[in-house]
Amino acid sequence: QVQLVESGGGLVQAGGSLRLSCGASGLFSGRGMGWFRQAAGKEREFVAGISWNSDSTYYTDSVKGRFTISRDNAKNTMYLQMNSLKPDDTAVYYCAADSTGRGTARSDFRSWGQGTQVTVSS
């Protein structure tokens, strides 16, 4: 099983940027990966996903053009570059690994990190 640890969250003003990282131990290169977020009082939602070989990426509509998901398999690390942040982006962000390699919103994500807090002030 792959173990995941997120980092890079923090407090940022609206319009600013953050880069989240997800470090993995165990099998990583063959997994599809994704970022999810959960705002206070709301359900967890899919944010972005990436296939095992980076040939496909997926984004929820609200972050398209602002967020970029990427991965470096040689470093066992996945990233989420977040630009033009909005207060509505405030949430705990989680990285996850799937069991198929596709990294789509409907993939079977079975390995999860503990989350990192992102707070965007207006």
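Scroll up to find the structure this text is about.
Residues numbered from 1 in each chain as written. Predicted model: local features only at pLDDT ≥ 70, side-chain atom pairs only at ≥ 80, totals over all residues. Heavy atoms only, no water.

J.: Looking at this model, I keep getting lost on the nonpolar core. Mind explaining?
T.: The tendency in soluble globular proteins is for nonpolar side chains to be buried side by side. Of all hydrophobic cores here, the largest spans 26 residues; its most connected members are W35, L80, M82 and Y93. Of all the secondary-structure elements, those providing two or more residues to this core are strand 3 (18-25), strand 4 (33-38), strand 5 (45-50), strand 7 (67-72), strand 8 (77-82), strand 9 (91-98) and strand 11 (116-121). (Core = buried A, V, L, I, M, F, W, Y, C linked by side-chain atoms within 4.5 Å. Buried < 20%, exposed > 50% of the residue type's maximum accessible area, 1.4 Å probe, protein only. Helix = DSSP H or I, 4+ residues; strand = E, 2+ residues; numbered from the N terminus.)

J.: Please explain the environment of S7 as it appears in this structure.
T.: Take S7: it is sitting in strand 1 (residues 3-7). Given the relative accessible area of 38%, S7 is considered partly exposed. As a C-alpha pair, S7 and Q114 span 107 residues in sequence and 9.8 Å in three-dimensional space. Residues within four places of S7 in sequence aside, it is in contact with R19, L20, S21 and T116. (Contact = heavy atoms within 4.5 Å.)

J.: Is there a simple way to explain the environment of L20 in this structure?
T.: For L20, the position within the fold is in strand 3. Of the residues examined, L20 reaches a relative accessible area of 0% and is grouped as buried. The sequence separation of L20 and E6 amounts to 14 residues, and the corresponding C-alpha distance is 7.0 Å. Leave out the neighbours within four places in its chain, and L20 touches S7, G8, G9, W35, M78, Y79, L80, M82, Y93, T116 and V118.

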